Amino acid sequence: MKMGKLLHRLLLFAVRLSLKMKSVLYWSLIYCLCGIFASFAVLELCWNLIIRPTKTLHWRIRESPPACLNDPSLGTHCYVRVKLREFRSEYRVVAMDMRGYGESDAPKSISSYRWDLLMQDVKDMVESLGYNRCLLVAHDWGGLLAWLFSIHYPEMVTKLIVLNCPHPSAFTARPQPQAAAPALRKVFTSRRTGVRSKSGQMTKEDLEAYLYNFSQPGALIGPINYYRNIFSSLTLRETEVKSPVLLLWGEKDAFLGQEMAEMSRPYAKAGFRLHLISGASHWLQQDQPDIVNTLIWTFLKEGEGSRSYRT
């Protein structure tokens with residue numbers, strides 16, 4: 001009997017030790033990769049200081065917004081809702097500026113960007129509009145938040161539609177080291193990371209709208225704080241998504257590996273549909289807007305109907 005208890009304790013110790021070692025190795029890898037990429041970024045900064053000393057650290061605040069930001073046909077900007085053209089014929093469409101972006105509040109503290117607070121923002125937005133459920137559509141950072149929101153507030157999400165962002169657990173299943181984020185202009189326009197479709201490429205005015213917002217004093221604090229808090233979202237106790245999921249993925253995404261899309265499948269327990277869009281970049285809604293809209297319409301019309309999300 002004593003020998004059996006001792007063996008049982010040894011096995012438990014071995015399992016716990018192996019799990020601990022796995023965690024230590026994983027985070028060691030993450031921080032080493034971050035250090036490597038940070039070193040490259042510092043070297044690039046030093047090189048730019050040598051060859052372009054006056055331009056490298058120059059910060060130009062754009063005084064006047066481009067015309068597209070004041071165009072009423074694109075929607076009415078306020079703290080609650082804007083109009084989007086494609087789906088407003090049958091749905092009440094709300095595009096939300098996450099905290100730290102656009103004209104939403106942008107607190108400076110890192111703790112203000114915890115994922116529980118960001119999820120509460122989404123919950124408050126839905127409820128402030130008089131609803132208790134929604135069809136949730138999101139891309140990139142918004143996609144990560146949408147996955148988390150669907151996990152923690154399953155009763156509030158009728159269907160989940162995510163563009164180019166895997167389930168949070170897919171990040172830990174296989175870390176995907178990517179190059180450090182280049183300048184905003186390069187992200188949208190370079191051959192490797194930018195919008196690939198010529199018809200979907202940003203106009204000078206579109207790009208100026210982004211540059212105008214991010215050039216304002218303190219405008220980058222909020223977006224950077226998202227990165228500072230990302231690791232707190234990756235280890236989840238609950239991982240199951242109980243809403244039907246549509247995941248759209250541009251196969252030429254330069255930031256996230258395509259295999260991460262397929263890794264998201266096991267976490268969607270109420271149905272999972274993955275569409276890889278040929279030739280599309282990370283910005284697939286700009287690259288292939290017609291295909292993206294058609295796939296979303298098809299998904300929305302299936303099963304529950306177009307009005308089931310209402311209170």
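What counts and how
Residues numbered from 1 in each chain as written. Predicted model: local features only at pLDDT ≥ 70, side-chain atom pairs only at ≥ 80, totals over all residues. Heavy atoms only, no water. Helix = DSSP H or I, 4+ residues; strand = E, 2+ residues; numbered from the N terminus. Buried < 20%, exposed > 50% of the residue type's maximum accessible area, 1.4 Å probe, protein only. Contact = heavy atoms within 4.5 Å. Areas by Shrake-Rupley, 256 points an atom, 1.4 Å probe, with all protein chains shown as cover. Right-handed = clockwise from strand over helix to strand, strands pointing away. Pairing = 2+ DSSP bridges. Expected span 1.5 Å × (residues − 1). pLDDT = per-residue confidence, 0-100. Axes fitted to C-alpha atoms, helices over the stretch in contact; angles between N-to-C directions. Phe/Tyr/Trp six-rings, centres within 6.5 Å; stacked < 30°, edge-to-face > 60°. Lys NZ or Arg CZ within 6 Å of the ring centre and 35° of its normal. Salt bridge = Lys/Arg side-chain N within 4 Å of Asp/Glu carboxyl O.

Per an unreviewed UniProt entry, the recorded name for the chain is AB hydrolase-1 domain-containing protein, and the organism is Albula glossodonta.

### Description of the overall build of the chain
Each helix and strand counted, the chain has 11 helices and four strands in total. Counting over 311 residues, the chain shows a buried share of 39%. For the chain, long-range pairs separated by at least 24 residues make up 73% of all intrachain contacts whose partners lie at least 6 apart in sequence. As displayed, the chain offers around 18,600 Å² of accessible surface, 59% of which is attributable to carbon and sulfur atoms.

### Section: the environment of D116
Relative to the elements of secondary structure, D116 occurs in helix α3 (residues 115–128). A residue is classified by how much of its surface remains accessible, and D116, at 40% relative accessible area, is partly exposed.

### Digging into the pairing of strand β2 (residues 157–163)
Among the seven residues in β2, seven count as buried, and that is most of the element. Read as a crossover between parallel neighbours, the route from strand β1 (residues 134–139) over helix α4 (residues 141–152) to β2 is right-handed. Direction of pairing for β2 relative to strand β3 (residues 245–250): parallel, over a ladder of four bridges. What sits directly across from I161, in β3, is L246.

### Notes on helix α11 (residues 289–301)
Between its first and last C-alpha, α11 extends 18 Å over 13 residues, near the 18 Å set by a 1.5 Å rise per residue. For α11, the set of buried residues is V292, N293, L295, I296, W297, F299 and L300. One or two residues past the end of α11 sits G303, with phi positive at roughly 75°.

### Some details on the confidence of the model for the chain
Low pLDDT marks regions whose predicted coordinates should not be analysed in detail. With 86% of its residues at a pLDDT of 70 or more, the chain has an overall mean of 81. The least confident element of the chain, judged by mean pLDDT, is helix α6 (residues 184–189) at 69; the most confident is β2 at 97. Counted against residues more than four places away or in other chains, residues 305–311, with its pLDDT under 50, gives 19 contacts.

### A word on unusual backbone geometry
Not every positive phi belongs to a glycine, and D140 is a case in point at roughly 60°. By secondary structure assignment, the location of D140 is in the loop between β1 and α4. Unlike most non-glycine residues, N164 shows phi in positive territory, near 50°. Relative to the helices and strands, N164 is located in the loop between β2 and α5 (168–173).

### A few points about the sheet that holds β1
Taken in spatial order, the four strands make up an open sheet running β1-β2-β3-β4, and their pairing is parallel. Each of the sheet's edge strands pairs with one partner strand only, and the pair in question is β1 and β4 (272–277). Across the sheet, the axes of successive neighbouring strands diverge by a mean angle of 10°, strand direction being ignored. Of the pairings in the sheet, the one linking β1 to β2 comprises six bridges and is parallel in character. Across the sheet, the residue bridging to C134 is V157, located in β2.

### Thoughts on the packing of aromatic side chains
Counted under the stated rule, the structure contains five aromatic pairs. An angle of 45° between the planes, with centres 6.0 Å apart, marks the rings of Y91 and W297 as tilted. Here Y91, found in the loop between α2 (53–56) and α3, pairs with W297, found in helix α11; they are 206 residues apart in sequence, far enough to count as distant. Connected via pairs of aromatic rings, a cluster forms that spans F87, Y91 and W297. Here the basic side chain of K159 rests over the ring of F299, its NZ or CZ set 5.0 Å away from the ring centre.

### Quick notes on the pattern of salt bridges
The final tally for this structure, using the stated rule, is six salt bridges. Note that D116 and R114 form a salt bridge whose closest N and O atoms lie 3.0 Å from each other. Here K123 and E127 are joined by a salt bridge, their closest N and O atoms 2.9 Å apart. Of this pair, K123 and E127 both sit in helix α3, four residues apart, which is roughly one turn of the helix.

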